[in-house]
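# Fold and geometry: a report
Listed here are the chains, written in short residue letters.
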Amino acid sequence: MSPPAAAARPTGRTAGCPKAMAYGPCGGVNGDGTCEIDPTPCVFLTRDLPIRWSGAASAPSAADDQVTTLAGREILDIARRRPLVYTGFPVRALRSDLICATADALLGSADAVLSGDAGLSRTQFPPSYRAALITATGLRLWMGFNARDRNRTALDRELSSLRSLGVAGVHCVTGDHTQTGDRPDARPVFDLESTTMLPRAVELGLLTSFAESPAAPPIAERGGRVAEKERAGGRLCLTQYAGDADEVADFIALCRAAGASVPVLPGVPLVVDQNGAALLASFHAAKLPRGFVERLFAARDVRAEGIRLAIEYGRALLETGMVGGLVIAGGARPGAESEYAADLATVARELGGGS
């Protein structure tokens with residue numbers, strides 16, 4: 001299969017957006033409507049939203065039939081039988097020697113592991129190299145893929161490599177701006193964005209997902225944005241933490257009312273120490289379940305309580321009957337990644353993962 005055909009630069013890019021987006025707003029809009037980069041109102045909040053996908057609409061059944069990787073077809077088969085259970089893949093950036101310890105802790109517990117963009121570290125191995133390291137362990141990999149660091153030719157090259165490596169799927173995100181991480185000296189690229197990467201991945205036979213932030217303004221239009229990303233080729237929606245289970249169910253109902261049928265996999269926070277709590281606090285538009293932090297740090301054993309809270313919340317989400325799965329993730333102190341992976345595995349197994 002050939003790489004995607006060259007396409008014209010997306011039209012309608014919104015002047016003043018630091019990420020040069022056409023299909024915003026991103027998930028980084030603050031609660032007061034300001035941009036994550038600049039304390040000024042998000043430029044998309046003055047436009048009619050959601051912005052309509054201008055390309056050819058992708059039919060979900062046709063796209064599923066075109067999935068070329070074995071791991072991707074296995075994920076589709078699991079999703080037909082029960083909700084999917086994903087976990088994060090905790091490992092320090094640029095440490096290939098630590099991959100196996102994390103993988104060993106997660107094998108057999110999750111349907112796939114998500115190796116996404118680091119919370120603060122902007123310098124990581126390329127997606128294809130990380131994919132080669134992780135898939136070699138026997139895990140199904142859902143590879144995070146951002147538009148911040150590469151132009152479209154480099155993105156196409158990485159997508160083709162990921163398909164050849166047999167990843168289960170790719171999580172297409174616009175990405176956090178370089179000014180929000182540890183490399184503000186780096187020039188952000190943003191030649192494409194999440195919405196315009198999705199059809200390129202589908203054309204290569206990859207299963208796709210995208211992100212959404214239900215608690216980020218404009219909240220009323222977030223469901224419509226999910227529908228437009230589905231039309232562009234998205235097959236799963238992975239959300240930022242979005243409050244109590246009933247609030248997540250309300251968001252999914254909003255998506256359905258807007259015409260979206262894509263399965264929604266909300267985030268399940270697993271916090272076992274102060275480092276993990278600090279990481280979650282750094283996420284834009286993250287809304288934790290009510291009382292989560294208070295209950296966590298009132299406990300004598302924070303780790304045990306964090307595991308218990310994650311299982312309790314995950315079960316509540318599943319009991320709504322609305323979710324297409326769960327993504328269990330968070331963070332831990334440096335040097336404790338493999339131990340944290342074991343905690344992720346515990347939660348994943350309790351919530352029905354592993355096949």
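What counts, and where the lines are drawn
Residues numbered from 1 in each chain as written. Predicted model: local features only at pLDDT ≥ 70, side-chain atom pairs only at ≥ 80, totals over all residues. Heavy atoms only, no water. Helix = DSSP H or I, 4+ residues; strand = E, 2+ residues; numbered from the N terminus. Rg over C-alpha atoms; globule rule 2.2 N^0.38 Å. Contact = heavy atoms within 4.5 Å. Areas by Shrake-Rupley, 256 points an atom, 1.4 Å probe, with all protein chains shown as cover. Pairing = 2+ DSSP bridges. Axes fitted to C-alpha atoms, helices over the stretch in contact; angles between N-to-C directions. Salt bridge = Lys/Arg side-chain N within 4 Å of Asp/Glu carboxyl O. Parallel < 35°, antiparallel > 145°, perpendicular 65-115°, else oblique. Phe/Tyr/Trp six-rings, centres within 6.5 Å; stacked < 30°, edge-to-face > 60°. Buried < 20%, exposed > 50% of the residue type's maximum accessible area, 1.4 Å probe, protein only. Right-handed = clockwise from strand over helix to strand, strands pointing away. Core = buried A, V, L, I, M, F, W, Y, C linked by side-chain atoms within 4.5 Å.

## Re the overall build of the protein
- Each helix and strand counted, the protein has 12 helices and nine strands in total.
- Relative to the 2.2 N^0.38 estimate, which gives 20 Å for 355 residues, the radius of gyration of the protein is 19 Å and therefore close to what a compact globule would have.
- Referenced to the eigenvectors of the C-alpha coordinate spread, the extents of the protein come out at roughly 55 × 45 × 45 Å.
- Sequence separation of at least 24 residues holds for 78% of the intrachain contacts in the protein that already meet a minimum separation of 6.
- Total accessible area on the protein is roughly 14,400 Å²; 53% of this is exposed by carbon and sulfur atoms.

## Concerning the sheet that holds strand β2 (residues 112-115)
- Strand order across the open sheet formed by nine strands is β7-β6-β5-β4-β3-β2-β1-β9-β8, with parallel pairing between neighbours. If you trace the sheet from one side to the other, it starts and ends with β7 (264-265) and β8 (267-271), each paired once.
- Pairing between strand β1 (residues 84-88) and strand β9 (residues 325-331): four bridges, direction parallel. Each bridged residue has a counterpart across the sheet, and for Val85 the counterpart in β9 is Leu326.
- Where helix α4 (residues 127-135) meets the sheet, its contacts fall on β2 and β3 (141-146), and the angle it forms with β3 comes to roughly 170 degrees.
- Contacts from helix α6 (residues 194-203) reach β3, β4 (169-173) and β5 (208-212) within the one sheet, and its direction differs from that of β4 by about 160 degrees.

## Side note on the pattern of salt bridges
- Here the structure, examined in full by the defined rule, presents 22 salt bridges.
- Each of Arg295, Glu305, Arg308 and Glu312 takes part in salt bridges that share partners, so that together they form one network.

## Quick notes on the packing of α4 against helix α5 (residues 152-165)
- Running from amino to carboxyl end, α4 crosses α5 at an angle of 10 degrees, the nearest separation of the two axes being 9 Å. Classified by the angle between their axes, α4 and α5 sit roughly parallel to one another. Contacts between α4 and α5 involve Pro127, Ser128, Ala131, Ala132 and Thr135 on the former and, on the latter, Glu158, Ser161, Leu162 and Leu165.

## Brief notes about the packing of aromatic side chains
- Tallied over the entire structure, the rule returns four aromatic pairs.
- Consider the rings of Tyr23 and Trp53, whose centres lie 5.5 Å apart with planes at 45 degrees: the pair is tilted. Here Tyr23, found in the segment before α1 (60-65), pairs with Trp53, found in the segment before α1; they are 30 residues apart in sequence, far enough to count as distant.
- On the basis of relative accessibility, which here comes to 11%, the residue Trp53 falls in the buried class.
- Between the aromatic rings of Tyr86 and Trp142, the centroid separation amounts to 5.3 Å while the plane-to-plane angle is 45 degrees, which identifies the pairing as tilted. Note that Tyr86 is positioned in strand β1 and Trp142 in strand β3, a separation of 56 residues in sequence.
- The exposure class assigned to Trp142 is buried, which follows from its relative accessible area of 0%.

## Topic: helix α7 (residues 222-232)
- The element α7 is largely enclosed, with a buried count of 10 among its 11 residues.
- For α7, the full list of buried residues reads Arg222, Gly223, Gly224, Arg225, Val226, Ala227, Glu228, Lys229, Glu230 and Ala232.
- Just downstream of α7, Gly233 is the residue with a positive phi angle, here 130 degrees.

## A look at the pairing of β2
- Neither face of β2 is open: one carries Ala112 and Leu114, the other Val113 and Ser115, and all of them are buried.
- As paired elements, β1 and β2 share three bridges and run parallel to each other. Bridging across to β2, Tyr86 finds its partner in Ala112.
- On the question of chirality, the crossover connecting β1 to the parallel β2 by way of helix α3 (residues 99-106) is right-handed.

## Some details on the nonpolar core
- One finds Val170, Leu270 and Ile328 to be the most contacted residues of the largest nonpolar core, which totals 68 residues.
- For this core, the element with the highest residue contribution is helix α12 (residues 337-350), accounting for six residues.
- Residue contacts for Val170: discarding those within four places in its chain leaves Trp142, Met143, Leu159, Leu162, Ala201, Leu206, Leu207, Thr208 and Ser209.

## A few points about the environment of Arg187
- Structurally, the position occupied by Arg187 is in the loop between β4 and α6.
- The sequence separation of Arg187 and Asp149 amounts to 38 residues, and the corresponding C-alpha distance is 8.2 Å.

## Considering unusual backbone geometry
- The omega torsion across Leu49 and Pro50 is -5 degrees, close enough to zero to call that bond cis.
- Structurally, Pro50 is set in the segment before α1.
- With an omega dihedral of 0 degrees, the bond running from Pro217 to Pro218 counts as a cis peptide bond.
- Looking at where Pro218 falls in the secondary structure, it is placed in the loop between β5 and α7.
- A positive phi is found at Ala20, a non-glycine position, where the angle reads about 55 degrees.
- Of note in the backbone geometry, Ala285 takes a positive phi value of approximately 60 degrees without being a glycine.
- In this structure, Ala285 sits in the loop between α9 (274-281) and α10 (292-298).

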